[in-house]
Amino acid sequence: MKFSGEFTLYLINSYEKKLDKIDVTNIKSIEINLKDLVYFDTASSIFINSFIKKCETNGIKVDILTSNKDVLATLDLVKTSKKTSQQIPKVIKTTLLASIGKITYQYYIGLLAFMNFLGKLFVTKVYYLKSIKNIRFKEIAFEINESAIRALGIIALTSFLIGLVVAYQSAYQLKLYGANIFIVDMLGISMLRELAPLMTAIVIAGRSGSAFTAQIGAMKITQELDAMRTMGFDPYIFLVLPRIIALMIAMPILIFVADIMGVFGGIIVAYIDLGITPKLFIERFSEVVLAKHFFIGLLKGPFFAFMIASIAVYRGLMVKDDTQSIGYNTTKSVVESIFAVIICDAIFSILFTNMGI
Amino acid sequence: MKSFIKARDVKTIFNEKVIHDGINLDINKGEIYGLLGPSGCGKTTLLREMVMLQDFHGGSINILGHELDAIGHNEAQKLRREWGVLFQAGALFSSLSLRDNIALSLVEYTNLSQKMIDEIVEFKINLVGLKSSDASLFPSQISGGMKKKAALARALAMDPKLLFLDEPTSGLDPISARDFDSLILKLRELLGLTIVMVSHDLASICDTLDRVAIIDEKKIVYEGSLNNIENNNNKFIQMFFKGIS
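Below, the structure is looked at part by part. (Residues numbered from 1 in each chain as written. Chains lettered and ligands numbered in written order. Predicted model: local features only at pLDDT ≥ 70, side-chain atom pairs only at ≥ 80, totals over all residues. Heavy atoms only, no water.)

### A word on the overall build of chain A
Logical step 1: Along the backbone of chain A there are 12 helices and three strands.
Logical step 2: Taking 2.2 N^0.38 as the reference for a compact globule, 357 residues should give roughly 21 Å; the C-alpha atoms of chain A span a radius of gyration of 35 Å, well beyond that estimate.
Logical step 3: Taken along its principal axes, the extent of the C-alpha atoms in chain A is 105 × 60 × 40 Å.
Logical step 4: Scored against the burial criterion, the 357 residues of chain A give a buried share of 42%. (Helix = DSSP H or I, 4+ residues; strand = E, 2+ residues; numbered from the N terminus. Rg over C-alpha atoms; globule rule 2.2 N^0.38 Å. Buried < 20%, exposed > 50% of the residue type's maximum accessible area, 1.4 Å probe, protein only.)

### A look at the overall build of chain B
Logical step 1: Looking only at helices and strands, chain B features eight helices and 10 strands.
Logical step 2: For 245 residues, the compact-globule estimate of 2.2 N^0.38 gives 18 Å, and the C-alpha radius of gyration of chain B, at 18 Å, lies within 12% of that figure.
Logical step 3: Looking at the 245 residues of chain B, the share that counts as buried comes to 51%.
Logical step 4: Accessible surface computed for chain B: about 11300 Å², of which carbon and sulfur atoms make up 49%. (Areas by Shrake-Rupley, 256 points an atom, 1.4 Å probe, with all protein chains shown as cover.)

### Concerning the nonpolar core
Logical step 1: In terms of nonpolar packing, the biggest core is built from 91 residues, with Leu25(B), Ile63(B) and Phe164(B) touching the most fellow members.
Logical step 2: Looking at this core element by element, the count peaks at 15 residues for helix α9 (residues 235-274) of chain A.
Logical step 3: A domain split of this core shows at least three residues from each of domain 2 (94-133) and domain 3 (136-354) of chain A.
Logical step 4: Residue contacts for Phe164(B): discarding those within four places in its chain leaves Ile5(B), Leu47(B), Met50(B), Val51(B), Ile63(B), Trp83(B), Gly84(B), Val85(B), Leu86(B) and Val196(B).
Logical step 5: If you look at the next biggest cluster of nonpolar residues, it comprises 45 residues, including Leu106(B), Ala135(B), Ala151(B) and Leu193(B). (Core = buried A, V, L, I, M, F, W, Y, C linked by side-chain atoms within 4.5 Å. Domains from an automatic or database assignment. Contact = heavy atoms within 4.5 Å.)

### As for the packing of helix α4 (residues 96-128) of chain A against α9(A)
Residues and elements named next belong to chain A.
Logical step 1: For the pair α4 and α9, the least separation of the axes is 11 Å and the interaxial angle reads 95°. When the axes of α4 and α9 are compared, the pair comes out roughly perpendicular. Residue-level contacts link Phe 117, Lys 120, Leu 121, Thr 124, Lys 125, Tyr 127 and Tyr 128 of α4 to Tyr 236, Ile 237, Val 240, Leu 241, Pro 242, Ile 244 and Ile 245 of α9.
Logical step 2: Of the residues belonging to the contact of α4 with α9, the class tally is 11 nonpolar, one polar and two charged. (Axes fitted to C-alpha atoms, helices over the stretch in contact; angles between N-to-C directions. Parallel < 35°, antiparallel > 145°, perpendicular 65-115°, else oblique. Nonpolar A, V, L, I, M, F, W, Y, C, P; charged D, E, K, R; others polar.)

### Describing the side chain of Glu167(B)
Residue and element names in this part refer to chain B.
Logical step 1: Note that Glu 167 resides in the loop between β7 (162-166) and α6 (174-191).
Logical step 2: Buried charged residue Glu 167 carries no salt bridge. Nearest counter-charge: Lys 43, at 5.4 Å.
Logical step 3: A distance of 3.4 Å separates the side chain of Glu 167 from the side chain of His 200, its partner in a polar contact.
Logical step 4: Excluding its chain neighbours within four sequence positions, the residues that come into contact with Glu 167 are Gln 88, Lys 148, Val 198 and His 200. (Lys, Arg positive; Asp, Glu negative; His and termini not counted. Salt bridge = Lys/Arg side-chain N within 4 Å of Asp/Glu carboxyl O. Polar contact = N/O pair within 3.5 Å; in protein donor to acceptor, adjacent residues only side chain to side chain.)

### Quick look at the pairing of strand β2 (residues 29-40) of chain A
Two faces belong to every sheet, and in a regular strand the side chains alternate between them.
All names here are of chain A.
Logical step 1: Looking at chain direction, strand β1 (residues 2-7) and β2 are connected through five bridges and run parallel. Within the sheet, the bridge partner assigned to Glu 6 lies in β2 and is Tyr 39.
Logical step 2: Taken together, the five bridges between β2 and strand β3 (residues 61-65) define a ladder with parallel strand orientation. What sits directly across from Asn 33, in β3, is Leu 65.
Logical step 3: Tracing the backbone out of β2, into helix α2 (residues 42-57) and back to the parallel element β3 gives a crossover that is right-handed. (Pairing = 2+ DSSP bridges. Right-handed = clockwise from strand over helix to strand, strands pointing away.)

### What about the interface of chain B and chain A?
Logical step 1: Listed by partner, the interface residues are 19 residues for chain B and 14 residues for chain A.
Logical step 2: Between chain B and chain A, the buried area comes to about 1400 Å², and carbon and sulfur atoms account for 58% of it.
Logical step 3: Its largest share of buried area at the contact with chain A, chain B owes to Phe87(B), Phe93(B) and Glu108(B), together 31% of the area lost on that side.
Logical step 4: Taken together, the connections running from chain B to chain A amount to two salt bridges.
Logical step 5: In this structure, Arg48(B) and Asp226(A) form a salt bridge, with 2.8 Å as the shortest nitrogen-oxygen distance.
Logical step 6: Between chain B and chain A we count eight residue pairs in polar contact (both at pLDDT 80 or more) in total.
Logical step 7: Of all the secondary-structure elements, those providing two or more residues to the side of chain B that touches chain A are α2 (73-80), β6 (83-86) and α3 (98-109) of chain B.
Logical step 8: Broken down by element, the side of chain B that touches chain A gets its largest block of residues, four residues, from α3(B).
Logical step 9: Looking at the side of chain B that touches chain A residue by residue, the class counts come to 10 nonpolar, five polar and four charged. (Buried area = accessible area lost by both parts, 1.4 Å probe.)

### Overview of the pattern of salt bridges
Logical step 1: Under the defined criterion, the tally for this structure stands at 21 salt bridges over all chains.
Logical step 2: Put simply, Arg136(A) and Glu108(B) hold a salt bridge, and the shortest N to O gap is 2.6 Å. Highlighted residues: Arg136(A) in the loop between α4 and α5 (137-147) and Glu108(B) in helix α3, drawn from two different chains.
Logical step 3: Assessed through its relative accessible area of 16%, Arg136(A) is described here as buried.
Logical step 4: On the basis of relative accessibility, which here comes to 29%, the residue Glu108(B) falls in the partly exposed class.

Written out as structure tokens, the structure reads:
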């Protein structure tokens, strides 16, 4: 066999195919001629080396013809490293049952960690409220502006559109029965009681919750959280509680805005599509839509806000020391907080209906 | 000599993997003390345990007379004001300017007037070799070397007795690294600091350290001055200190 020119890892595949075609059973000895090689890399050296091994186990004599020092040195390097190095252990495949068990256990540990977080949060809150001096008004105000006031536009727009769409769809059905005026009851109650709080919560979870997670996660990676701790600034007091409190204060205000915009959307559709004048709409509205629906909607606000903010901040604190972890935890934060909000809403729904409110 | 930090029989275990198995060391007042060892030996972990960022699982660490495993909330807060910590990448608060970063502890913990705080901040900025005009910059606008200097100024803001440095010269070019070494020596002289540092930088180790502890195989294999260290027959010490003396 004769190799010439440059022998690099790109050529190994074609040589391998050629060598496989040769029937080695009748061959007694092989000469490998490397005399004309210009360049010989380690991958090809490994290839030649393992070919020699294969031949030797089949009882074939191998001679290497070369006087090039570099080529011999490369071959030697591969040979000696093969002797001293250990094989990289293969990744052990797990069975389905084992991985189910592992995942379940991870969820269990995750749940415990979240409980631990809530416990710490409660303790900090108690300490926080011991003295008015501890309350960080500046941070809370900053967060209210950052995560709520700046979200007003998008929340107003989404709830306006939701009001529009819901009214438009139901107007078509109500027209069939000639029950045009009932659009006010339907829209008023569904908007104030369910849709406005839920939509606000979902927008805030996507907008501000994810921001909380990413901010705190990035601070963890750059060791800013560690720096705070060593300086005696508890991140729970400086970062966690202000965010949670800010969102709990701001959420009812946002829901209130969402209520107004949703109903406004309904008024427009009722006027254009059903011929109900805004004056008639509002008269009917104050007649049939009780104030309790409005207050129930607002009451949900702080609860949703607590869910969103605490999950977002917890996810931020869970970020490990790598950049991928920020993305993973931000996704988790949004998904989990929207899920938690919907669960919480369902519980409220059942609770209030059974209480007759 | 009075010992500032005393570690006795410290054990650390992560997920059944033993990191430290009986670490004993004493750091005296006024020393520049180095924690050295091969990577992964737990130097930084030990430093984090000293500054209460991480729990240890056995033994005791005593810092400035406080036992860390039985420390209360208020006592811990008091202790935190007596040390400064410099993290590897500085860990400046990215939402605050350099001035606010350095002033933060002063604003939170003291009732000094704004004028007084400004003066202290300016003094600290000049002390670490930054220009006063840099004070209004944000951490994202400055170089790695400046970040370390600013972080050092922040660590010194409360005039601590103890300074912890985690790889202070890593990521700096050789000239800035030597500057940083002489800065540390100058600070010790001026302020009488006790400095504990983790380092890999041989030049910085030889220039600055008074005493070292070398951690290898979960234990301290050498504690003492650098003078006769090459006579020790530990494999890591032989490899690491081969060229010096």
